[in-house]
Amino acid sequence: MTRPVPEALEALLTEYVELEERLADPSVHADQATARKLGRRYSELTPVVRTIRELEQVRSDIDAAEELAGEDPAFAAEAEELRERVPGLETRLTELLLPRDPHDASDIVMEVKSGEGGEESALFASDLVRMYLRYAEKHGWKAEMLDATDSDLGGYKDATLVIKSKGNDLDGVWARLKFEGGVHRVQRVPVTESQGRIHTSAAGVLVYPEVDDVEDVEIDEKDLRVDVFRSSGHGGQSVNTTDSAVRITHIPTGIVVSCQNERSQLQNKARAMDVLKSRLQALAEEKAQAEASQNRRSQVRTVDRSERIRTYNFPENRISDHRINFKAHNLDLVLAGELDPLLDALAEADRAERLASVGSNG
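What you see is a predicted model; the values in this text were computed from it and never measured.

(A) Main features of the sheet that holds strand β10 (residues 318–321). The mixed open sheet is built from eight strands, whose spatial order is β2-β3-β1-β5-β4-β9-β10-β11. Each edge of the sheet is formed by a strand with only one pairing partner; in this case those strands are β2 (142–150) and β11 (326–328). Across this sheet, the average inter-strand angle for adjacent strands is 15°, counted without regard to direction. Two elements, strand β9 (residues 308–313) and β10, share four bridges in a ladder whose sense is antiparallel. Within β10, the position partnered with Thr 311 by the bridge is Ser 320.

Structure, rendered in structure tokens:
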């Protein structure tokens with residue numbers, strides 16, 4: 001006899017049908033934000049519903065084959081073949097029902113800062129920025145540099161950029177780059193090294209989802225210090241004769257956000273405020289995550305921004321991610337934007353960890 005669908009899955013099937021009906025209503029699409037939200041949820045549920053229905057069909061076919069097995073032995077063999085498909089479908093359904101990161105479809109703000117190592121660290125920071133820009137270009141994403149402080153040799157002491165996808169996919173920029181936050185270490189012979197010795201330096205990467213509904217994040221103007229200054233180009237040359245660049249300091253947290261990419265002071269301030277709100281939202285979520293998971297820290301992604309996550313070894317053309325013991329001797333390709341094999345491995349490790357967690361809790 002066919003098993004009844006559990007209540008939780010029945011609720012998903014009902015929600016899916018309701019979403020189909022709403023998305024078929026032309027009036028819903030008059031509000032693009034609502035239509036986009038419903039569309040993303042529909043896309044999220046589609047593989048779940050397909051798997052539920054496939055599992056139901058296989059179990060129904062098993063029941064029918066077993067009833068006919070007494071008359072024809074061939075149906076007994078068919079029933080056995082069908083039973084072998086059930087565990088795989090159940091595993092797939094379990095994976096699909098794992099809680100999704102609510103920000104997976106979000107765009108991101110990324111900050112890259114040089115660390116110990118002086119000019120060499122700043123040059124490495126610029127290498128990382130170029131790596132992410134090339135990766136964004138390969139995926140058809142739009143990358144915008146909001147602010148940068150140049151070093152004497154053309155590197156970046158710090159840089160802030162926004163990376164946006166062009167579609168409404170469930171897996172957006174955050175889904176791919178959320179594991180990049182942490183300390184990135186480089187081992188190579190610096191251009192400033194006359195003896196040819198290999199040095200080790202590092203740069204820090206901070207990545208957080210760009211908040212869609214920035215009006216939901218409230219900021220007291222009394223908590224802000226706003227400074228204006230002249231925009232500067234690469235190498236420090238002035239590119240603007242007015243004080244259009246804006247630096248905002250959030251006094252309670254010490255967070256500093258600068259923007260000099262827009263043409264006017266008002267535009268730069270508005271853009272900097274958006275970034276600040278995203279930073280504050282990410283900070284609040286990280287705090288909640290840390291408090292909720294004190295007994296189990298994620299292997300792949302933690303809230304500890306000082307964690308050394310990766311080493312870029314130039315002499316051996318090797319890249320190593322220390323969280324998942326990933327190693328590859330294609331550093332040149334990675335720096336050219338070929339990050340997908342590494343990012344796929346990180347996503348798979350995260351998925352496996354979450355799946356194991358569900359199993360241990362069950």
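(B) Quick look at unusual backbone geometry. Despite not being glycine, Asn 317 has its phi angle at roughly 50°, a positive value. Its identity is not glycine, yet Asn 325 carries a phi of approximately 55°, on the positive side.

(C) Layout of the packing of helix α2 (residues 32–68) against helix α3 (residues 73–96). Where α2 contacts α3, the two axes come as close as 9 Å, and the packing angle between them is 160°. The pairing of α2 with α3 is recorded here as roughly antiparallel in orientation. Note on packing geometry: the crossing formed by α2 with α3 is left-handed. For the contact of α2 with α3, the per-class residue count stands at 15 nonpolar, one polar and eight charged.

(D) Representation of the packing of helix α1 (residues 7–23) against α2. α2 packs onto α1 with a crossing angle of 135° between their chain directions and a minimal axis gap of 9 Å. The orientation of α1 with respect to α2, classified from their angle, is oblique. Viewed along their axes, α1 and α2 form a crossing whose handedness is left-handed. Residues Leu 9, Leu 12, Leu 13, Glu 15, Tyr 16, Leu 19, Glu 20, Arg 22 and Leu 23 of α1 pack against Thr 34, Ala 35, Leu 38, Gly 39, Arg 41, Tyr 42, Leu 45, Thr 46, Val 48, Val 49, Ile 52 and Arg 53 of α2.

(E) Focus on the pairing of β2. The pairing of β2 with strand β3 (residues 156–164) spans eight bridges and is antiparallel. Pairing of Ala 148 across the sheet is with Ala 159, part of β3. In this structure, the hairpin formed by β2 and β3 is closed by a connection of five residues, where Gly 154 is found at a positive phi of approximately 95°.

(F) A look at α3. Compared with an ideal rise of 1.5 Å per residue, which puts 24 residues at 34 Å, α3 spans 36 Å between its outermost C-alpha atoms and is within 8% of the ideal. Turning to α3, its buried residues number three or more, namely Ala 79, Leu 82, Val 86, Leu 89 and Leu 93. Between a side-chain oxygen at the N-terminus of α3 and the backbone nitrogen of Ala 74 the separation is 3.0 Å; the capping residue is Asp 72.

(G) Looking closely at the pattern of salt bridges. If you walk through the whole model with that rule in mind, you get 28 salt bridges. Arg 59 serves as the salt-bridge partner of Glu 90, at 2.5 Å between the closest nitrogen and oxygen. Placement of Glu 90 in helix α3 and of Arg 59 in helix α2 is noted, with a sequence separation of 31 residues between them. Judged by its relative accessible area of 19%, Arg 59 falls in the buried class. Measuring nitrogen to oxygen at the nearest pair gives 2.9 Å for the salt bridge that ties Glu 95 to Arg 351. Remark: Arg 351 occurs in helix α8 (residues 340–361) and Glu 95 occurs in helix α3; sequence separation between them is 256 residues. The exposure class assigned to Arg 351 is partly exposed, which follows from its relative accessible area of 22%.

Parameters and conventions
- Residues numbered from 1 in each chain as written.
- Predicted model: local features only at pLDDT ≥ 70, side-chain atom pairs only at ≥ 80, totals over all residues.
- Heavy atoms only, no water.
- Pairing = 2+ DSSP bridges.
- Helix = DSSP H or I, 4+ residues; strand = E, 2+ residues; numbered from the N terminus.
- Axes fitted to C-alpha atoms, helices over the stretch in contact; angles between N-to-C directions.
- Parallel < 35°, antiparallel > 145°, perpendicular 65-115°, else oblique.
- Left-handed = near helix turned anticlockwise from the far one by under 90°.
- Nonpolar A, V, L, I, M, F, W, Y, C, P; charged D, E, K, R; others polar.
- Contact = heavy atoms within 4.5 Å.
- Expected span 1.5 Å × (residues − 1).
- Buried < 20%, exposed > 50% of the residue type's maximum accessible area, 1.4 Å probe, protein only.
- Polar contact = N/O pair within 3.5 Å; in protein donor to acceptor, adjacent residues only side chain to side chain.
- Salt bridge = Lys/Arg side-chain N within 4 Å of Asp/Glu carboxyl O.

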